[in-house]
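Report on the structure
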Amino acid sequence: MRSRPRRNRKNPFVRGVTAEAQLGAERLILPLFVHEAGEDQAIDSMPGRFRHSADGLLREVDSALEVGISSVVLFPAIDDGLKTPLAEAASDPEGLIPRSIRSLRSRWPEITIVTDVALDPYSSDGHDGIVASDGRILNDETIEVLCRQALCQAEAGADVIAPSDMMDGRVGAIRDALDGAGYTEISILSYTAKYASSFYGPFRDALDSAPKAGDKKTYQMDPRNSREAVREARADEAEGADMLMVKPAGPYLDVIRAVREATSLPVAAYQVSGEYAMIKAAAENGWLDERGAVLESLLAIRRAGADAILTYYARDAAFWLAEA
Ligand code: PBG
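Computed from a prediction, not measured in an experiment: that's the story for all the values here.

Thresholds applied
Residues numbered from 1 in each chain as written. Predicted model: local features only at pLDDT ≥ 70, side-chain atom pairs only at ≥ 80, totals over all residues. Heavy atoms only, no water. Core = buried A, V, L, I, M, F, W, Y, C linked by side-chain atoms within 4.5 Å. Buried < 20%, exposed > 50% of the residue type's maximum accessible area, 1.4 Å probe, protein only. Helix = DSSP H or I, 4+ residues; strand = E, 2+ residues; numbered from the N terminus. Contact = heavy atoms within 4.5 Å. 1 Å grid on protein atoms, 1.4 Å probe; cavity = no way out; pocket = protein on both sides within 12 Å on 5 of 7 lines; lining within 4 Å. Points joined across faces, edges and corners; volume = space filled by probe spheres on them. Nonpolar A, V, L, I, M, F, W, Y, C, P; charged D, E, K, R; others polar. Polar contact = N/O pair within 3.5 Å; in protein donor to acceptor, adjacent residues only side chain to side chain. Near = heavy atom within 4 Å. Areas by Shrake-Rupley, 256 points an atom, 1.4 Å probe, with all protein chains shown as cover. Sits in = over half its atoms within 2 Å of the grid points. Axes fitted to C-alpha atoms, helices over the stretch in contact; angles between N-to-C directions. Parallel < 35°, antiparallel > 145°, perpendicular 65-115°, else oblique. Left-handed = near helix turned anticlockwise from the far one by under 90°. Salt bridge = Lys/Arg side-chain N within 4 Å of Asp/Glu carboxyl O. Pairing = 2+ DSSP bridges.

Further remarks concern the nonpolar core. One finds Phe33, Leu74, Leu104, Ile174, Ile256 and Tyr270 to be the most contacted residues of the largest nonpolar core, which totals 102 residues. Sort the elements by how many residues they give to this core and helix α4 (residues 139-156) lands first, with seven residues. Contact partners of Tyr270, with chain neighbours within four places excluded, come to Pro31, Phe75, Tyr191, Phe203, Met245, Val246, Lys247, Pro248, Ala249, Glu275, Leu310 and Tyr312.

Okay, empty space enclosed by the protein next. Counted by the stated rule, this structure contains two cavities of 30 Å³ or more. The space that makes up the largest cavity amounts to roughly 160 Å³. Asp120, Lys194, Tyr200, Phe203 and Lys247 are the residues nearest the centre of the largest cavity, which is lined by 20 residues in total. Within the residue set of the lining of the largest cavity, elements represented by two or more residues are β9 (187-194) and α6 (201-207). When residues of the lining of the largest cavity are assigned to their parent elements, the largest contribution, three residues, is made by α6. A per-class count over the lining of the largest cavity returns nine nonpolar, four polar and seven charged. Of the pockets and cavities examined, the second largest cavity occupies roughly 30 Å³. Considering the residues around the second largest cavity, the lining is formed by Leu74, Pro76, Ile97, Thr115, Asp116, Ala118, Pro121, Tyr122, Gln149 and Gln153. Sorting the residues of the lining of the second largest cavity by element identifies β4 (71-76), β5 (112-117) and α4 as the ones contributing at least two each.

This paragraph deals with unusual backbone geometry. In this structure, the amide linkage connecting Lys247 to the following residue, Pro248, adopts the cis form with an omega of -10 degrees. Counting through the fold element by element, Pro248 comes out in the loop between β10 (243-247) and α8 (253-262). Its identity is not glycine, yet Met166 carries a phi of approximately 70 degrees, on the positive side. Its place among the elements puts Met166 in the loop between β8 (160-163) and α5 (170-180). Phi at Asp208 is positive, roughly 50 degrees, even though this residue is not glycine.

This part is about the side chain of Ser190. Examined against the element boundaries, Ser190 turns out to sit in strand β9. With a relative accessible area of 0%, Ser190 lands in the buried category. Engagement of the side chain of Ser190 in a polar contact is seen with the side chain of Asp236, the distance being 2.6 Å. Dropping the residues within four chain positions of it, Ser190 is found in contact with Pro163, Arg170, Val171, Asp236, Ala241, Met243, Leu244 and Met245.

So, on to the site of the ligand. The full set close to the ligand counts 18 residues, and Ser164, Arg204, Lys247, Ser273 and Tyr312 are the nearest of them. At a separation of 2.8 Å, an oxygen atom of the ligand approaches a polar side-chain atom of Lys194. A distance of 3.3 Å is found between a nitrogen atom of the ligand and a side-chain nitrogen or oxygen belonging to Lys247. Burial of the ligand by the surrounding chains reaches 100%, relative to a free accessible area of 400 Å². Judged by the fraction of its atoms near the pocket grid, the ligand is located in the largest cavity. Residues of the shell around the ligand, tallied by class, amount to eight nonpolar, three polar and seven charged.

As a further point, take the packing of helix α2 (residues 54-66) against helix α3 (residues 96-107). The interhelical angle for the contact between α2 and α3, taken along N-to-C directions, is 45 degrees, at an axis separation of 11 Å. Between α2 and α3, the crossing angle belongs to the class labelled oblique. As for how α2 packs across α3, the hand of that crossing is right-handed. Counted together, Leu57, Leu58, Val61 and Asp62 of α2 and Ser100, Ser103, Leu104 and Arg107 of α3 form the full contact between these two elements.

So, about the pattern of salt bridges. For the structure on display, the rule yields 19 salt bridges. A salt bridge links Glu60 to Arg49; the nearest nitrogen and oxygen atoms lie 3.0 Å apart. Taken together, the positions of Glu60 in helix α2 and Arg49 in the loop between β2 (41-42) and β3 (50-52) put the pair 11 residues apart, joining distant regions of the chain. One salt bridge in this structure joins Asp179 and Arg175, with 2.9 Å as the shortest N-O distance. Placement of the pair is Asp179 and Arg175 together in helix α5, with a separation of four residues, close to one helical turn. Taking the relative accessible area as the measure of exposure, Arg175 reaches 11% and is therefore buried. Salt bridges sharing common partners tie together Asp120, Asp128, Lys194 and Lys216.

Space inside the largest pocket adds up to approximately 220 Å³. Surrounding the largest pocket, 15 residues form its lining, Glu26, Ile29, Ser71, Thr112 and Ala308 being those nearest its centre. Contributions of two or more residues to the lining of the largest pocket are made by β1 (28-34) and β5.

Taking burial as the measure, the six residues of β4 include six buried ones, the bulk of the element. Because side chains alternate across β4, one face comprises the buried residues Ser71, Val73 and Phe75, and the other comprises Val72, Leu74 and Pro76, equally buried. Bridging between β1 and β4 involves five bridges; their strand directions are parallel. Bridge pairing in β4 links Pro31 to Val73. Relative to β5, β4 is paired through four bridges, and the arrangement is parallel. Following the sheet pairing, Ser71 is matched in β5 by Thr112.

Below, the structure written as structure tokens:
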């Protein structure tokens, strides 16, 4: 036997120099939920995660910064009374998201604030787009609202706009809207390959944003497909996206790899709420070692080709990495 792969695993040094993928806090982005109430409120299906009050948000970001997480993405839990069919609240300059951005920005000018562009938190129908009377999701009409939402976030001080709605052509339209208003330095992180996934359940609990009727299959991608992800990647790149995202992450590692190979743009992946909930539940039952399972799941996403990872475990992972 001349070839013995085990020789390259024989001690920590040899394993270290032969390691292909690395994980570091600088790769991680922390998604956070905000609401209007004065107290943080625990999210039942995501133990350890909260809908944050204005003060709670600052505390949470402070503790993330302490372990080296310097980027967050914000999602709003909007009061039911503000949700409408046309999601007007999405572009209210005094809304929850613009206020949250301003408060973070004034405290920490240097952090990277990512904002989500889609109508579902603001839609009385619980859809990412405008719903017609026959139930269809209206693509081009939705894009106009998304552009207003993106401009509102840009004006408040967002660094990166992340459209998660999956309407056709929205990246180009948002790029034009931003450029037209002089926001040429604001980046677009496109949710390029976002699947119609069952793993978003806990997120929809957190925001109370589940569709009132139907599902998201006419706009989010079919889990059976990966060539389609490459098609979406080419379109987003041509429309001026700065970074592309695959979501969910763990069950779609092959898609991360396919998008990685189809583009020279940076690729991000979103370890979504259901992926968090699965590891958390198993860990709380004593069935999995949480630290090991989380770091392995994130490393696998890096190995598949993701440059950046959005994960609810960002702060814990950064803490564990610093400890190691
Ligand atoms: C909606 C949006 C969703 C997530 C991020 N943006 C849910 C959905 O499409 O229904 C899910 C994130 C998660 O599950 O952690 N625009």
